[in-house]
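# Structure assessment
Listed here are the chains, written in short residue letters.
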Amino acid sequence: MKKIAVLGSTGSVGRQTLDVIAEHKADFQIIALSANSNADLLLKQADEFQASFVFLNDSRFLPKIKQSVKFLTDQDSFLNQIRQEGADLLVLALSGTSAIKPLFYALEHGIDLAVANKEAIISCGNIINKMLSRSSSGLIPLDSEHNALYQLLGGLDRKDIAKIFLTCSGGPFLKYSKGDLEDISVEQALSHPKWEMGEKITIDSATLMNKGFEIIEAHYLFNMPLESIEVLIHPQAVIHGIVELKDGTSLAEIAPADMKMPISYALGYPKRLDCGLRVNWRGIKSLNLEYADKDKIEALKICCKAAEKGGSFPAFLVKADEIFVRAFLSRKIKFNQIVDLLGLALGGHNGFEVESVGDVERAFGDAEAISGNILKEVS
Ligand SMILES: NC(=O)c1ccc[n+]([C@@H]2O[C@H](COP(=O)([O-])OP(=O)(O)OC[C@H]3O[C@@H](n4cnc5c(N)ncnc54)[C@H](OP(=O)(O)O)[C@@H]3O)[C@@H](O)[C@H]2O)c1
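The following paragraphs examine the structure supplied in this document.

Quick notes on the rules
Residues numbered from 1 in each chain as written. Predicted model: local features only at pLDDT ≥ 70, side-chain atom pairs only at ≥ 80, totals over all residues. Helix = DSSP H or I, 4+ residues; strand = E, 2+ residues; numbered from the N terminus. Rg over C-alpha atoms; globule rule 2.2 N^0.38 Å. Buried ≥ 20, exposed ≤ 12 C-beta atoms within 10 Å, placed from the backbone. Contact = placed C-beta atoms within 7 Å. Axes fitted to C-alpha atoms, helices over the stretch in contact; angles between N-to-C directions. Parallel < 35°, antiparallel > 145°, perpendicular 65-115°, else oblique. Left-handed = near helix turned anticlockwise from the far one by under 90°. Expected span 1.5 Å × (residues − 1). Near = placed C-beta within 6 Å. Nonpolar A, V, L, I, M, F, W, Y, C, P; charged D, E, K, R; others polar. Pairing = 2+ DSSP bridges. Core = buried A, V, L, I, M, F, W, Y, C linked by C-beta atoms within 7 Å.

## Quick word on the overall build of the protein
Summing up its helical and strand segments, the protein has 16 helices and 12 strands in all. Expected size for 379 residues packed as a compact globule is a radius of gyration near 21 Å; at 20 Å, the protein falls within 12% of this value. In terms of principal-axis extent, the alpha carbons of the protein reach across some 55 × 50 × 40 Å. Here the protein holds 379 residues, and the buried ones make up 45% of them. Taking the intrachain contacts of the protein between residues at least 6 apart in sequence as the baseline, contacts between residues at least 24 apart amount to 69%.

## Here we look at the packing of helix H15 (residues 337-347) against helix H16 (residues 357-378)
Viewed as axis vectors pointing N to C, H15 and H16 meet at an angle of 125°, and their least axial separation amounts to 10 Å. In terms of orientation, H15 and H16 fall into the oblique class. Pair H15 / H16 crosses with right-handed handedness. Along its contact with H15, which presents Gln337, Leu341, Leu344 and Ala345, the element H16 presents Ala367, Ile370, Ser371, Ile374 and Val378.

## Details of helix H14 (residues 313-329)
An α-helix turns once per 3.6 residues; consequently, residues spaced three or four apart project the same way. Along its 17 residues, H14 runs 24 Å from first to last C-alpha, staying within 8% of the 24 Å computed at 1.5 Å per residue. Among the 17 residues of H14, 15 are classified as buried, and the element is accordingly described as predominantly covered. Downstream of H14 by one or two residues, arginine 331 has phi in the positive range, about 60°.

## Some thoughts on the site of the ligand
Near the ligand you find 28 residues, and of these Gly8, Gly11, Ser98, Met197 and Gly198 are the closest. Taken together, the elements giving at least two residues each to the shell around the ligand come down to helix H1 (12-23) and strand S2 (28-35). Looking at the shell around the ligand element by element, the count peaks at 3 residues for H1. Each residue belonging to the shell around the ligand can be placed in one class, and the counts come to 9 nonpolar, 16 polar and 3 charged.

## Let's talk about the packing of H14 against H15
Two numbers describe a pair of packed helices, the interaxial angle and the distance between the axes. Between H14 and H15, whose axes approach to 10 Å, the crossing angle comes to 145°. Here the hand of the crossing between H14 and H15 comes out right-handed. Contact with H14, carried on its side by Phe313, Phe316, Leu317, Ala320, Asp321, Phe324, Val325 and Phe328, involves Ile338, Leu341, Leu342, Ala345 and Leu346 of H15 and no other residues of that element. Residues that form the contact of H14 with H15 fall into these classes: 12 nonpolar, no polar and 1 charged.

## Focus on the sheet that holds strand S10 (residues 239-245)
If you walk across this open sheet you meet the 5 strands as S11-S10-S8-S9-S12, and the pairing is mixed. The open sheet is flanked by strand S11 (250-254) and strand S12 (290-292), the only strands paired with a single partner. Direction aside, neighbouring strands of the sheet carry axes that sit 30° apart on average. Most of the contacts of helix H8 (residues 144-154) go to S10, to which it runs at about 40°, and overall it touches strand S8 (161-168), S10 and S11.

## Considerations on the nonpolar core
Among the nonpolar cores identified, the biggest contains 116 residues, and Leu90, Leu92 and Cys303 are the most heavily contacted of them. Counting residues per element, this core draws most heavily on H14, at 11 residues. Excluding its chain neighbours within four sequence positions, the residues that come into contact with cysteine 303 are Gly212, Phe213, Ile215, Ile216 and Leu317.

## Let's talk about the pairing of S11
Examined bridge by bridge, S10 and S11 share 5 bridges and lie antiparallel to one another. Bridge pairing in S11 places isoleucine 239 opposite isoleucine 254. The hairpin turn running from S10 into S11, its antiparallel successor, is 4 residues long, and glycine 248 in that turn takes a positive phi close to 95°.

## Quick notes on the sheet that holds strand S4 (residues 71-72)
Overall, parallel pairing links the 7 strands, which are arranged S4-S3-S2-S1-S5-S6-S7 in an open sheet. Sheet topology places S4 and strand S7 (139-141) at the edges, where each strand pairs with a single neighbour. By the bridge criterion, 4 bridges tie strand S1 (residues 2-7) to strand S5 (residues 89-92) in an arrangement that is parallel. From the neighbouring strand, leucine 7 faces S5, where its bridge partner is leucine 92.

## Concerning the environment of leucine 208
Among the structural elements, leucine 208 can be located in the loop between helix H10 (199-207) and helix H11 (209-221). C-alpha of leucine 208 to C-alpha of glutamate 298: the two residues are 90 residues apart in sequence and 8.6 Å apart in space. The contacts of leucine 208, once residues within four sequence positions are left out, are Gly171, Ile297, Ala299 and Leu300.

Without other data, these values stay purely geometric and don't point to any function.
And the structure:
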């Protein structure tokens, strides 16, 4: 029986992780759960899965859980307890940069990871890769495209690989012109046609920043040069990743568009878990794949530029994006300003080498200062 800790258990990925575990109760024991502020759901989950202990980041909500479940009041003790209880797998379903600390902790202590969070990988890619090379931890990505590529690349000889392709459903505004994007409301941007996700990633999917971030994520996770990573627009979202080999053969991973697929792969690894999902081939009329030009789509261009420059630029971009998405959600800026302002902010950053978490925090601080000034001017 695997001992699992799910961080961010109340979010979209966290809840789906618990759904998969509920279907395979004999295989897993939940030892720890965490959330930011959703104490009610955290308590309900802790009760249902008999979690040994929980952590709630926002202490204002602690009184709600104090009486009902064993809780830890600081993140360090929470992580130490997870290690002491002998966790076999830490699922990182936290949103934003809050995942950095637990990710580093797991790598330092040889705990295996299933990682949905992309902000940590993008901001700290080089540091994580150095740590991974010294660590006994394994890291399985949960993002469906990266999970697909992970599955494909695992069986291949590195020297045979020419390119990798990430697919992209295109989001809700695929066919919109730049003019059409001006009056997109928050509600429209939050309704993704294929995936049910947290607010931040849903907006990133609509602006296509999410796909740009995924390019950076793939660059670090698979140690692939940027010119060998391509994007294909694929509205049916059935093909999640393609690997092109040097002899011209391409291999694709095909699965239902449901996060339970990559989640069950990572939870069960190396065993396959059946979560009952199948591609509905009878319902598919056609499969479309259209090449997305990274030099023409603004969000992809910005992300590739940040990845090319490396150092502090990816971390800067992650934080600036968080700030502009928040500004859009609180209706301070328009939808089509998000990517424009990100380009502007990135132009104002003087990059530096990133060798420690302190450097990453410095990049975040610079993003906060520059993006904050831009927001004051435009909103
Ligand atoms: N959703 C998807 O399908 C999907 C797919 C691929 C990758 N991802 C990535 O996976 C991550 C999570 O996405 P999501 O859509 O599941 O987000 P979400 O629904 O917004 O959930 C975020 C989770 O993190 C918790 N959290 C936030 N800040 C925290 C903090 N400082 N300390 C402890 N817990 C904290 C939240 O707790 P509260 O509920 O209390 O706020 C919640 O449990 C993101 O990085 C996203 O890009 C998501």
